[in-house]
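Each chain is listed here by its residues.
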Amino acid sequence: MSFGEMDPVHRAVLRKHRLELSGQLLVSETIVPFLYQEEILTDAQVEDIESRSTERQKTLRLLDLLPSRGPRAFQSFLRSLQDFNWVRDRLLQELQTPPEPGPKDACRLQESVLQRVPSDRELSQLALRLGAEWESVLLDLGLSAEVLFRCRSDHSLSSQAAALAGLVRWRRAEGKRATVERLLQSLQSAGIHSAVLEDVLNVSS
């Protein structure tokens, strides 16, 4: 059965607050059972979520699944937050707030640059500049919590190396869709100005 896609606005809100939600929600007791009852989650998906070892990992897995569970999924998720009213209110407030002009308005990159795939050197330069936001960027690019954990574990002494490993995984998985433009979108979602990427591209050109 095809559920279709979640509204892009709702998907963007979940993505923006992904790390915050993963640190505040306890999904096992009421949220997952409610979403199963509402037929948003399948038996297999509930088992997948509950197989995770921590509440944070369970929440991240739920947030991975929700966008593909159709247009009803977001509203059902909000209704499941009866024990987390402050979280629900925060998400609703986000929906009611008009988006501010983002750094993309000031982006000076040409279309030909935006549509190409970044090189190894460019990804390495970017990893050097991401700092503490590297996890947010990689999650927004679509890497799973498991892949992120593996990058962190394999490169525990260097966040730059962990970020680069994640960026290379993203490019390999996405192929021609791993464009500069897509990277720019995730940087902006993490609150990183487009000038950071512009600087990287100028350095490597």
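Quick caveat, the model's predicted, so the values are computed rather than measured.

## What to know about the domain arrangement of the protein chain
For step 1, the next point in the chain: On domain assignment, one finds that the protein chain holds domain 1 (8-96) and domain 2 (111-203).
For step 2, the next point in the chain: Here the C-alpha centroids of domain 1 and domain 2 sit 25 Å apart.
For step 3, the next point in the chain: Between domain 1 and domain 2, a total of about 660 Å² is buried, with carbon and sulfur atoms accounting for 51% of that surface.
For step 4, the next point in the chain: The largest share of the area that domain 1 buries against domain 2 comes from Arg15, Arg18 and Leu19, three residues that together contribute 56% of it.

## Side note on helix H4 (residues 43-50)
For step 1, the next point in the chain: Within H4 the residues assigned to the buried category are Gln45, Val46 and Ile49. The arc that holds the buried residues of H4, viewed along the axis, is 100°, so those residues lie on one side. Turned more than 90 degrees off the buried face of H4, the exposed positions are Ala44 and Glu47.
For step 2, the next point in the chain: Where H4 is buried, its residues contact helix H3 (31-37) and helix H5 (55-65).

## Here's the deal with the layout of surface pockets
For step 1, the next point in the chain: In this structure, the second largest pocket encloses a volume near 330 Å³.
For step 2, the next point in the chain: Forming the boundary of the second largest pocket are 13 residues, of which Arg15, Arg18, Leu63, Pro67 and Leu139 lie nearest the centre.
For step 3, the next point in the chain: Of all the secondary structure elements, the ones that give two or more residues to the lining of the second largest pocket are helix H1 (8-16), H5 and helix H10 (134-140).
For step 4, the next point in the chain: Looking at the lining of the second largest pocket residue by residue, the class counts come to six nonpolar, one polar and six charged.
For step 5, the next point in the chain: Each of two domains, domain 1 (8-96) and domain 2 (111-203), supplies a minimum of three residues to the lining of the second largest pocket.

## With respect to the pattern of salt bridges
For step 1, the next point in the chain: Across all of its chains, the model carries 17 salt bridges by this definition.
For step 2, the next point in the chain: We note a salt bridge from Lys16 to Glu94, for which the minimum N-O separation is 2.8 Å. Of this pair, Lys16 sits in helix H1 while Glu94 sits in helix H7 (residues 85-96); the two residues are 78 residues apart in sequence, bridging distant segments of the chain.
For step 3, the next point in the chain: Residue classification places Lys16 among the exposed positions, given a relative accessible area of 52%.
For step 4, the next point in the chain: Assessed through its relative accessible area of 23%, Glu94 is described here as partly exposed.
For step 5, the next point in the chain: Two residues, Asp64 and Arg18, come together in a salt bridge whose shortest N-O distance is 2.8 Å. Of the two residues, Asp64 sits in helix H5 while Arg18 sits in helix H2 (residues 18-24), which places them 46 residues apart along the sequence.
For step 6, the next point in the chain: Judged by relative accessible area, which is 26%, Asp64 ranks as partly exposed.

Thresholds applied
Residues numbered from 1 in each chain as written. Predicted model: local features only at pLDDT ≥ 70, side-chain atom pairs only at ≥ 80, totals over all residues. Heavy atoms only, no water. Domains from an automatic or database assignment. Buried area = accessible area lost by both parts, 1.4 Å probe. Buried < 20%, exposed > 50% of the residue type's maximum accessible area, 1.4 Å probe, protein only. Helix = DSSP H or I, 4+ residues; strand = E, 2+ residues; numbered from the N terminus. Arc of directions from axis to C-beta. Contact = heavy atoms within 4.5 Å. 1 Å grid on protein atoms, 1.4 Å probe; cavity = no way out; pocket = protein on both sides within 12 Å on 5 of 7 lines; lining within 4 Å. Points joined across faces, edges and corners; volume = space filled by probe spheres on them. Nonpolar A, V, L, I, M, F, W, Y, C, P; charged D, E, K, R; others polar. Salt bridge = Lys/Arg side-chain N within 4 Å of Asp/Glu carboxyl O.

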